[in-house]
Amino acid sequence: NLNAIDCAFLSDEEKEGYEHGFISLELIKKYQPETPSSIFICGPEQMHTYLDNELSKLDIEKKYIRHEVIGSNLTNLDKKLVQITVIQNGESKVIAASTNNTILLSLEKNGIKTLSRCRSGECGFCHSRLISGDVHISLKQDRRRKADEIYGYLHPCCTYPLTNIVIEIPN
């Protein structure tokens, strides 16, 4: 017997105990618990758009609808190498990064540990301050508070460097 916690949706494979086929509003309703819970959308951007439209028909607060950042369309960005100067615990380190990787992924590839949870810009746990440089934050993925935006904070899990940047990250 499936519940919302362990339910998996497969598009091509028919397997006992798993759903098969198109993710419809009816299928989501089937597994939607009585108490508020998060819905994570993982897949191509077209699916994000479709499900956002369908989910707007349900009484679900927007904060409970989370999006996989990998679904963001970055085809308009030129892939190039940049440097990220990372300030953590008052110490500074320069790492190489690609404009096609999120700042968080670049930090992890270079062995820098920082706080992260949702990896989609929803929770704010990786909240860090951009000191200088230019970044790309998809309007669809930007879940920052207004004050964070005003004071230069971003979520490295869904932010891409466009130029060399300097960022201060939490311990």
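Chemist: What is the right way to look at unusual backbone geometry in this model?
Modeler: Among all residues except glycine, the phi angle is most often negative; among peptide bonds, the trans geometry is most common. The phi angle at N89 is positive, at roughly 60°, despite the residue not being glycine. If you trace the backbone, N89 turns up in the loop between β5 (81-88) and β6 (91-98).

Chemist: Looking at this structure, I do not really get the packing of aromatic side chains. What am I missing?
Modeler: The geometry of an aromatic ring pair is captured by two quantities: the separation of the ring centres and the angle between the planes. Under the criterion given, the structure shown has 0 aromatic pairs. When the ring centre of F125 is taken as reference, the NZ or CZ atom of R117 above it lies at 3.9 Å.

Chemist: Before we go on, may I ask you to explain the sheet that holds strand β9 (residues 153-154) in this structure?
Modeler: Picture the strands of a sheet paired through backbone hydrogen bonds; they go either parallel or antiparallel. Strand order across the open sheet formed by 5 strands is β6-β5-β11-β7-β9, with mixed pairing between neighbours. Here the strands that pair on one side only, and so sit at the sheet edges, are β6 and β9.

Chemist: Teacher, can you tell me more about the side chain of S106 here?
Modeler: Structurally, S106 is set in helix α3 (residues 103-109). Taking the relative accessible area as the measure of exposure, S106 reaches 2% and is therefore buried. Aside from chain neighbours lying at most four places away, what touches S106 is I84, I95, A97, S98 and N101.

About the criteria used
Residues numbered from 1 in each chain as written. Predicted model: local features only at pLDDT ≥ 70, side-chain atom pairs only at ≥ 80, totals over all residues. Heavy atoms only, no water. Helix = DSSP H or I, 4+ residues; strand = E, 2+ residues; numbered from the N terminus. Phe/Tyr/Trp six-rings, centres within 6.5 Å; stacked < 30°, edge-to-face > 60°. Lys NZ or Arg CZ within 6 Å of the ring centre and 35° of its normal. Pairing = 2+ DSSP bridges. Buried < 20%, exposed > 50% of the residue type's maximum accessible area, 1.4 Å probe, protein only. Contact = heavy atoms within 4.5 Å.

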